[in-house]
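# What the coordinates show
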Amino acid sequence: MARGLLDLYWVLRWLCVLLMVETVSGAGGPSAGTRISSQFPASGVNQSPVIDCREVCGLNASNRCDFVRSNPDCRSEGGYLDYLEGIFCHFPPDLLPLAVTLYAFWLLYLFLILGVTAAKFFCPNLSAISTTLKLSHNVAGVTFLAFGNGAPDIFSALVAFSDPRTAGLAFGALFGAGVLVTTVVAGGIAILHPFTVASRPFLRDIIFYMGAVFLIFTALYRGRVTLAWALGYLGFYVFYVVTVVLCTWIYQWQQRRSLVYSMPGTPEILSGSEEDQVSSNTNSYDYGEEYRPLLFYQETTAQILLHALNPLDYRKWRTKSVYWRVLKVFKEDGNWKRPLNCLHLVISPLFLVLTLQSGAYGVYEIGGLFPVWAVVVIAGTALAAVTFFATSNSEPPRLHWLFAFLGFLTSALWINAAATEVVNILRSLGVVFRLSNTVLGLTLLAWGNSIGDVFSDFTLARQGYPRMAFSACFGGIIFNILVGVGLGCLLQISRGHVEVELEPDGLLVWVLAGTLGLSLVCSLVSVPLQCFQLNRVYGCCLLLLYLTFLLVALLTEFGVIHLKTV
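Residues numbered from 1 in each chain as written. Predicted model: local features only at pLDDT ≥ 70, side-chain atom pairs only at ≥ 80, totals over all residues. Heavy atoms only, no water.

So, on to the packing of aromatic side chains. One pair of aromatic rings is described through two measures. These are the centre distance and the angle between the planes. Scanning all chains against the criterion turns up 16 aromatic pairs. With centroids separated by 5.7 Å and ring planes inclined at 65°, the aromatic side chains of F195 and F470 adopt a geometry described as edge-to-face. One end of the pair, F195, is in strand β2 (residues 195-196); the other, F470, is in helix α18 (residues 466-493), and 275 residues separate them in sequence. The same class applies to F195 and to F470, which are both buried. Centroid distance F208 to Y240: 5.1 Å. Interplanar angle 65°. Geometry classified as edge-to-face. Highlighted residues: F208 in helix α8 (residues 199-222) and Y240 in helix α9 (residues 227-260), separated in sequence by 32 residues. The class of Y240 is buried, set by a relative accessible area of 3%. (Phe/Tyr/Trp six-rings, centres within 6.5 Å; stacked < 30°, edge-to-face > 60°. Helix = DSSP H or I, 4+ residues; strand = E, 2+ residues; numbered from the N terminus. Buried < 20%, exposed > 50% of the residue type's maximum accessible area, 1.4 Å probe, protein only.)

Structure representation (structure tokens):
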């Protein structure tokens, strides 16, 4: 266990260094003591008057393009496309609704990319890494699995914190996703399938989540996050992981002790996993046996590559779309496929350099002659050739587990690239509709990143596993809020800041934090009063709470609800 935790530490440290490289390199960051606010001059440009970019819609149509190009507040620090320039410089004013519609469809597609990449690429590689490190299910569940499930939220928060003007998106998305999951998802599970929740895990998770929300709320109240506080957020999550492991170990020890002191002659009771195994062995049939050849023959390398690119039978393959087939080609297979793995050695490094810092490193020319991407292709091809001739088709090499780390880095940078585009689009839409980053974060960004969790948890509840779905509601968001804010502020401090100063985006941030705390307190009080039996009335109350919060948040955004100034 100690060796596995040590390896886990080095994996997370390598990921942190990789993300620091991406945010530190490129354009220079702001100077020390800079406030995270919507008005901040981008580095490397002439000091010109900085005006809120949202004022562009109040100008004449002929002046909007020059305003967007000259105002530092309208510039994007990362990403492949300049969305504001695209709206106001490349689309006529009469076609502004068309541009917004196209951006909305592109945003939906990016959310689909985030979900598919996290589910089909990121999580399987994390599972393989946890298996390689020989981590227990509990440690893997609260570390790698939580990271895989919360990858869109985490990377969106890291990207938002990297630019002072979009930090409000991070707080809005993290708090908004927390309110959504603890009200809509938890309430929907109770409505779909009333059940009795496990008391000790529920109390443990909700108390830790309340502590995490209190720490973030304190940081907003103080108006700054120092290095000690950023490390404290990460340390608090480590303490949560240790608590989960200890609680599980104590529970298992009590179960073994009760089994030892049980009366002799008592029939042995199968555990849940054993019952599932017995039922699966007795009620399942491997229909794949019918399609296997009667005579065994050795496949050639070309046949192995074709089967790896087409891992399903031809009948299912031809019914799928071209996009699905492309995903299957690039998806890392858990088994050893020599030609396919050699192809990954060529494609994955090229993919890394073209996504790191939005491709800035990939197109850089060494000595003004040779681009970096060409060097990477040559090196990857040489490595693939050595691997191909040094291995066989039948037996995986000793270092086969390294492909899981390669797939992990590739999918992580792909998610980060998609998250960067999502943040830039949301900021552009906020400029067009004059909406704050906080309200965009708690609505569009929170909904988009949480839609996968909503459907997966509701599916588990319909299939008769409401307790598992309800437990997933709190375990993942603890990781998201602590690691998202802690690591995001830590990366911002690594750029030369003494501390990260926060300026809450008006009353809306406090409404958001207060609603999240209120939903947790209501669950902490009402669930034990119901003897941990969640019914449809409890679920409807949670849904009503979210609708009320959404109404209050929108009224606050549009100035209907506001604080009186003396």
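The interhelical angle for the contact between helix α7 (residues 167-192) and helix α20 (residues 536-557), taken along N-to-C directions, is 150°, at an axis separation of 7 Å. Judged on the interaxial angle alone, α20 and α7 are roughly antiparallel. Crossing handedness for the pair α7 and α20: left-handed. Along the contact surface, α7 presents V179, L180, T182, T183, V184, A186, G187, A190, I191 and L192, while α20 presents R536, Y538, G539, C540, L542, L543, L545, Y546 and F549. A per-class count over the contact of α7 with α20 returns 14 nonpolar, four polar and one charged. (Axes fitted to C-alpha atoms, helices over the stretch in contact; angles between N-to-C directions. Parallel < 35°, antiparallel > 145°, perpendicular 65-115°, else oblique. Left-handed = near helix turned anticlockwise from the far one by under 90°. Contact = heavy atoms within 4.5 Å. Nonpolar A, V, L, I, M, F, W, Y, C, P; charged D, E, K, R; others polar.)

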